Every structure is written in structure tokens, then in C-alpha cells.
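Listed below are the residues making up each chain.
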Amino acid sequence: MGDLSSENLLTGLALYAALTAVAVWATLVIWSWQDAGLRSRSTALRFLVAILVAVLNVPGLFIYLLLRPRQTLGESYERSLEEEVLLQGIVERMACPSCKAHTRSEWQLCPACNTRLRRPCTRCGNLLEFDWERCPWCASRQPLTSDEDWSITPQRVRPASAGGTGRAGAVGDVGAQGAKN
């Protein structure tokens, strides 16, 4: 009778080990199937990965782990959203504060609503932001007035040949108009 119980115990342990091995094998196949689905939209690739892990077991899993994409589809989607938000932030900086129309950094006023975007330097004529106290090009002090009119009516700008220097002459005309308002 002593032999039967030890034989039953060994059979039970072998059955337990076999069931555990089958459970681990099935878990690895299912996990690799799901992970491949998170990293690719290809159903054929999911089947290939599952077969690789089912046939080769742990070595197949290591091969898959070495070759799989680093990011899941969700992570790459979130990354693209973050990049889009950053790009949108850059584009928003180049928009009119009043009407949100697209503007350029060299523009003095918005072509859509005539809102003043920048002002010319009183000395060199380069365009400045409204809150700058000094011109970064010529270092001259700029008068800051809080009652400055942000919207001006369109006016004719003197041609470059009449003013001499081109942009500075044209900017000076508009700046003089803006300073009067």
C-alpha cells in the first residue's frame, strides 16, 4: 500500500506540472496575441506572432519581444496628438489677437480686421512688440503708451522709391499714423 500512495503522489505532481506548463503556454500565446494587437492593426501579424509563440514557446516569446514595435498604437496616437498640440501652439502665436486670422511676423497690422500687431521703432523703423521698452536692433528707448489705439484704419503707404529706404520709410509712415491715433 505504501507504493500505491507514493505512485499516486508522483502521478498527481506530474499532472499538476503538466497542467501548469499548459496554462503558462496558453497564457504566453494569449498575451502575445493581445500585445501584437496593441502594436499593429494587422491580423496576419497577430496570427504569425501567436503561432511563433505557440510553436517555439519561450524562445518564440523572446524573438517576438526583440522584434515588436516599441510603442503601442495608443502611445503613438497620443504622441501624434501632443505634436499636433505643440504645432497648433506655434501657429496660434502667429494669429491676430482680435479675429484670429493668420498673420506674419513682419506685418504691422492684421489685414482682416486692421488690428495693430506691432509698432515701428521710433529710431530705426524695425517692428517691435507693444510691450518692449527698448528696440533690440538700435537699443533706443520706446515710449510706452497704454492708450495706444490697437486698431487703425487702412491708409496708403508711401512707395519705397519716394521714401528712400523701402521698408523703414513705409513703416515710418504707418508708425506716424499709429502714433497720432
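Placed above this text is the structure.
Keep in mind that this is a model prediction, so the values were computed, not measured.

Student: Can you help me understand the pattern of salt bridges in this one?
Tutor: Side-chain pairs of opposite charge can arise whenever the charged atoms involved come near each other. Summed over all chains, the structure comprises five salt bridges. One salt bridge connects R39 with D35, and the closest N-O pair in it is separated by 3.1 Å. Of this pair, R39 and D35 both sit in helix α1 (residues 2-39), separated by four residues, roughly a single helical turn. Note on accessibility: R39 and D35 belong to one class, buried. In this structure, R118 engages E129 in a salt bridge whose closest nitrogen and oxygen atoms are separated by 3.4 Å. Of this pair, R118 sits in the loop between α4 (73-93) and β1 (119-120) while E129 sits in the loop between β2 (127-128) and α5 (160-163), and the two are eleven residues apart along the sequence. What makes E129 partly exposed here is its relative accessible area of 30%.

Student: Mind showing me how you'd approach the packing of helix α2 (residues 43-56) against helix α3 (residues 58-67) here?
Tutor: Each pair of packed helices can be summarised by the angle the axes make with each other and by the distance between the axes. Across the interface, α2 lies against α3 with an axial gap of 5 Å and an inter-helix angle of 145 degrees. In this structure, α2 contributes V49, L52, V53 and L56 to the contact, and α3 contributes V58, P59, G60, L61, I63 and Y64.

Student: Got a minute to help me understand the environment of A101 in this structure?
Tutor: Position of A101 relative to the elements: it lies in the loop between α4 and β1. In this structure the C-alpha to C-alpha distance between A101 and A112, which are eleven residues apart in sequence, comes to 6.8 Å. Not counting chain neighbours up to four residues away, the residues in contact with A101 comprise M94, A95, C96, C110 and A112.

Cut-offs and rules
Residues numbered from 1 in each chain as written. Predicted model: local features only at pLDDT ≥ 70, side-chain atom pairs only at ≥ 80, totals over all residues. Heavy atoms only, no water. Salt bridge = Lys/Arg side-chain N within 4 Å of Asp/Glu carboxyl O. Helix = DSSP H or I, 4+ residues; strand = E, 2+ residues; numbered from the N terminus. Buried < 20%, exposed > 50% of the residue type's maximum accessible area, 1.4 Å probe, protein only. Axes fitted to C-alpha atoms, helices over the stretch in contact; angles between N-to-C directions. Contact = heavy atoms within 4.5 Å.

Just distances and angles here, no functional claims.
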